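Structural characterization, general
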Amino acid sequence: MHASCRSMPVSMFFPAADALGPSVASIERQTKLVCRQCPVRTECLRYALVSNETHGIWGGKTALERRQLAHTIHIDAWVGHHCDA
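A quick note: this is a predicted structure, and the numbers were derived from the prediction, not measured.

One pass over the structure, following the stated rule, counts two aromatic pairs. When the centroid spacing of 6.1 Å and the interplanar angle of 85 degrees are considered together, the rings of phenylalanine 14 and tryptophan 58 count as edge-to-face. Here tryptophan 58 lies in the loop between α3 (41-51) and α4 (63-72) and phenylalanine 14 lies in the loop between α1 (10-13) and α2 (21-36), a separation of 44 residues in the sequence. By relative accessible area, phenylalanine 14 is classed as partly exposed at 37%. Between tyrosine 47 and tryptophan 58, the aromatic rings sit 5.4 Å apart at their centres with planes inclined by 35 degrees, giving tilted as the arrangement. Placement of tyrosine 47 in helix α3 and of tryptophan 58 in the loop between α3 and α4 is noted, with a sequence separation of eleven residues between them. Residue classification places tryptophan 58 among the buried residues on the basis of a relative accessible area of 19%. Among the aromatic residues, ring-to-ring pairing joins Phe14, Tyr47 and Trp58 into one connected group.

Written as structure tokens, this is what we have:
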């Protein structure tokens, strides 16, 4: 099984830090559509949470969404469990 993002441009998942407004929102929406159909989405999100990834979209979640999610779950308990957050 391979991640859906393997054939996509990296810039889609790591928008430029100085990008603002509607362009960022549009890129995030497109990226999340790719993630939504990805067979390894949960594993990707789990990796980002456990690794404390601070940039990019992982498992269909932005850095801000992952920080918010991390505050609601106990990461150690989540590792190894399937959770479609």
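Where α3 meets α4, the axes come as close as 10 Å, and the angle between the chain directions of the two elements is 75 degrees. In terms of axis orientation, α3 runs roughly perpendicular to α4. Here α3 contributes Leu45, Ala48 and Leu49 to the contact with α4, which in turn contributes Arg66, Leu69 and Ala70. Its residues placed into classes, the contact of α3 with α4 shows five nonpolar, no polar and one charged.

What counts, and where the lines are drawn
- Residues numbered from 1 in each chain as written.
- Predicted model: local features only at pLDDT ≥ 70, side-chain atom pairs only at ≥ 80, totals over all residues.
- Heavy atoms only, no water.
- Phe/Tyr/Trp six-rings, centres within 6.5 Å; stacked < 30°, edge-to-face > 60°.
- Helix = DSSP H or I, 4+ residues; strand = E, 2+ residues; numbered from the N terminus.
- Buried < 20%, exposed > 50% of the residue type's maximum accessible area, 1.4 Å probe, protein only.
- Axes fitted to C-alpha atoms, helices over the stretch in contact; angles between N-to-C directions.
- Parallel < 35°, antiparallel > 145°, perpendicular 65-115°, else oblique.
- Contact = heavy atoms within 4.5 Å.
- Nonpolar A, V, L, I, M, F, W, Y, C, P; charged D, E, K, R; others polar.

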